[in-house]
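The residues making up each chain are set out below.
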Amino acid sequence: MDRERLRSFLKDPGKTWRWNRGEVDGYRGVELRGDTLRWFTWSHDIAEGDGGATDEHTQSVAEFLASGPPIAVPPNVVATVKAHLEQRGG
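Residues numbered from 1 in each chain as written. Predicted model: local features only at pLDDT ≥ 70, side-chain atom pairs only at ≥ 80, totals over all residues. Heavy atoms only, no water.

1. Thoughts on the overall build of the protein
- Each helix and strand counted, the protein has three helices and four strands in total.
- Overall, the protein is about 40 × 35 × 15 Å in size when its C-alpha atoms are taken along their principal axes.
- Out of the 90 residues belonging to the protein, those deemed buried represent 27%.
- Sequence-distant contacts, at least 24 apart, represent 28% of the contacts inside the protein between residues at least 6 apart.
- As displayed, the protein offers around 6,300 Å² of accessible surface, 49% of which is attributable to carbon and sulfur atoms.
- Of note, the protein has its 12 positive side-chain charges centred 7 Å away from the centre of its 14 negative side-chain charges. (Helix = DSSP H or I, 4+ residues; strand = E, 2+ residues; numbered from the N terminus. Buried < 20%, exposed > 50% of the residue type's maximum accessible area, 1.4 Å probe, protein only. Contact = heavy atoms within 4.5 Å. Areas by Shrake-Rupley, 256 points an atom, 1.4 Å probe, with all protein chains shown as cover. Lys, Arg positive; Asp, Glu negative; His and termini not counted. Charge placed at Lys NZ, Arg CZ, Asp CG, Glu CD.)

Structural data, given as structure tokens:
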């Protein structure tokens with residue numbers, strides 16, 4: 001067990017947003033922890049051994065606010081993340 005990772009998670013559980021276009025085998029997501037965003041694809045395909053997070057990109061909040069997300073993201077997700085960041089104070 002990675003106790004430091006658990007401690008960090010309990011201190012800041014973060015916020016996660018997910019979206020897809022009707023697929024049943026996974027979704028896209030972004031997770032905010034502290035001042036870092038992690039963009040990823042989540043696969044439910046555990047039978048093939050490919051389940052879990054893939055295609056991960058990390059980005060600072062400052063980079064996101066200046067340049068937008070590093071991957072294609074629906075405009076409503078971008079707006080929701082920005083609104084959350086504004087509400088928490090950047």
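2. Observations regarding the sheet that holds strand β4 (residues 52-60)
- Reading across from one edge, β1-β2-β3-β4 is the order of the four strands in this open sheet, with antiparallel pairing throughout. Looking at strand neighbours, the two that pair on one side only are β1 (15-19) and β4, the edges of this open sheet. Neighbouring strand axes in the sheet, compared pairwise and without regard to direction, differ in orientation by 20° on average.
- Relative to strand β3 (residues 36-43), strand β2 (residues 26-33) runs antiparallel, the two being bridged by eight bridges. In the sheet register, G29 faces β3, and the bridge partner there is F40.
- Along the sheet, helix α3 (residues 75-88) contacts β1, β2 and β3; its crossing angle with β1, the most-contacted strand, is approximately 165°. (Pairing = 2+ DSSP bridges. Axes fitted to C-alpha atoms, helices over the stretch in contact; angles between N-to-C directions.)

3. Quick look at α3
- Over its 14 residues, α3 extends 20 Å from the first C-alpha to the last, a length consistent with the 20 Å expected when each residue adds 1.5 Å.
- Looking only at α3, the buried set comprises V77, V78, V81 and L85. Buried residues of α3, viewed axially, fall in a sector of 100°; they line one side. The exposed set on the far side of α3, more than 90 degrees from its buried face, consists of P75, N76, E86 and Q87.
- Buried residues along α3 sit in contact with β1, β2, β3 and α2 (61-67).
- Two residues or fewer past α3, G89 is found with a positive phi of approximately 100°. (Expected span 1.5 Å × (residues − 1). Arc of directions from axis to C-beta.)

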